[in-house]
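# Working through the structure, step by step
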Amino acid sequence: MNSGITGTYKYRAMVSTGGIGTGSFFALNGNHTLGREESRSGHFLKHRDYCKQHIIGHYVRTLLGAEFQVYPIGQVGDDKAGHELIEEMRQAGLKTDFLKITDKKPTLCCICFIYPDGSGGNLTVDESACSLVSGADVAAALPVLEKNGGKCIALAVPEVPLNSRQALLEAAARCNALRIASFLSEEMPEVRKNNLLSLVNLLAINIDEASSLAEISSRNPPDKIVAESVRKISAVHPRLQLSITAGKTGSWIWDRGKMYFQAPVPVHAVGTAGAGDAYLSGLIVGLTAGLELRDAQVLAVLTAALSVTVPDSIHKGIDRTALSEFALKQPQLPPALGRLLKLKPENNEGCLS
């Protein structure tokens, strides 16, 4: 592991909760969307799949280096997968103080199905060790939040109960930490009902989740969904920053009054699983290193693009050196990002087109 992105960090640590688990990739035959009563053939792939919290924490810790500490909160089963995952996280430099091994439920398992064109989705078991993560687990990490205060990031992502994520966001708000969260489409009614966005500084969601949150049809064009989502959400939460991703279409950032669109970096995608999580990792790394949200978005796009060049949902070859070399191949980057990655001046003017 290299020393990570260099410079003075705005934040010192991240406390997170979300899914920790493993899974399998299943390649479907045929590009048409799987129907409700359809039987479809396919085959399993020899790829490694990981869950959201693990993916994000891995990239953040690897890119920022030993000066930045990542404290995941979660539970895994007392099984082979659970023990292996904790060891992988430890080897990546994540602090495992707040990870529990339980014999009550197995480690979270999911199946990532992939269409021939590279798109796909996930089927995740809801009765797993992740479902046991509670407010008490979050409370154990409170000393880290209190110690770091405004220099800490709290990340709450899916695959653990919503009330445990809410507990983390509430504790982080009391400690003045930066709160970043994402929610599944099916969770949006409860998010609205409990006013959870009032606890969030930066909401990171995909296009389907945005349409669900704003209660508009997902059949609309992506740019219309984004515009309407931002209009509705910002009217209620004017201080909320938004990140919305739409796969091959690109991504949008709403920075409390201004919208930025970023097209994806063209690469040969071997596997797209985990790309959204890699993107969010890039945002967190950029913000920690002091970038404005707009420039952090470019770093996020680069991280996501590089992540899909391997079939596994964690590209373990990504570090600052690999990311810098990848960035050098791109046609113009924001100056602040170029300086962060220590690129030559002629390669860091303007922004990605």
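Up top you'll find the structure we're talking about.
Small disclaimer: the values here were computed from a predicted structure and weren't measured.

The subject of this paragraph is the packing of helix α7 (residues 207-214) against helix α8 (residues 222-236). Running from N to C, α7 and α8 cross one another at 45°; their axes reach a closest spacing of 9 Å. Here α8 runs oblique to α7, going by the angle between their axes. When the axes of α7 and α8 are compared, the crossing they make is left-handed. Residue-level contacts link I207, A210, S211, L213 and A214 of α7 to P222, I225, V226, S229, K232 and I233 of α8.

Examined against the element boundaries, I180 turns out to sit in strand β9 (residues 178-181). Taking the C-alpha atoms as reference points, I180 and N201, separated by 21 residues in sequence, lie 6.0 Å from one another. Every residue in contact with I180, bar those within four places of it in the chain, is listed here: I153, A154, L155, A156, L202, L280 and I284.

Before going further, it helps to spend a moment on helix α1 (residues 52-64). Under the 1.5 Å per step criterion, the end-to-end length of α1 is 18 Å for 13 residues, consistent within 8% with the ideal 18 Å. Burial analysis of α1 places 12 of its 13 residues in the buried class, which makes it a mostly covered element. Listing the buried residues of α1 in full gives Q53, H54, I55, I56, G57, H58, Y59, V60, R61, T62, L63 and L64. Just beyond α1, the residue with positive phi is G65, at close to 85°.

What follows is about the pairing of strand β11 (residues 241-245). For β11, the buried fraction is high: five of the five residues fall into the buried class. Side chains of β11 alternate between two faces, with Q241, S243 and T245 and L242 and I244 buried alike. Here four bridges tie β11 to strand β12 (residues 251-254), and the two strands are oriented antiparallel to one another. Its bridge partner lying in β12, I244 is registered against W252. The antiparallel pairing of β11 with β12 creates a hairpin that spans five residues between the two strands, and G247 there sits at a positive phi of about 55°.

Cut-offs and rules
Starting from 1, residues in each chain are numbered consecutively following that chain's sequence as written. Selection of residues for local features in this predicted model requires a pLDDT of at least 70, selection of side-chain atom pairs for listing and counting requires 80 or more, and totals for whole chains, interfaces and linings are taken over all residues. Side-chain descriptors were evaluated using all non-hydrogen atoms of the structure, hydrogens and water having been removed beforehand. Here the axes come from fitting lines to C-alpha atoms, over the contacting stretch only for helices, and the angles between their N-to-C directions go from 0 to 180 degrees. Working definition: helices are DSSP H or I runs of at least four residues, strands are E runs of at least two. Numbering for both runs from the N terminus. Note that the term roughly parallel is reserved for angles under 35 degrees, roughly antiparallel for angles over 145, roughly perpendicular for angles of 65 to 115, and oblique for everything else. Helix crossings fall into two classes, left-handed where the near helix is turned counterclockwise from the far one by less than a right angle and right-handed where it is turned clockwise. By definition, residues are in contact when any of their heavy atoms lie within 4.5 Å. The span one expects for a helix is its residue count, reduced by one, times 1.5 Å. Think of it in three bands: residues with accessible area under 20% of the maximum for their type are buried, residues over 50% are exposed, and the middle band is partly exposed, with areas taken using a 1.4 Å probe on protein chains only. Any two strands between which DSSP finds at least two bridges are classified as paired.

Distances and angles like these do not, on their own, reveal function.
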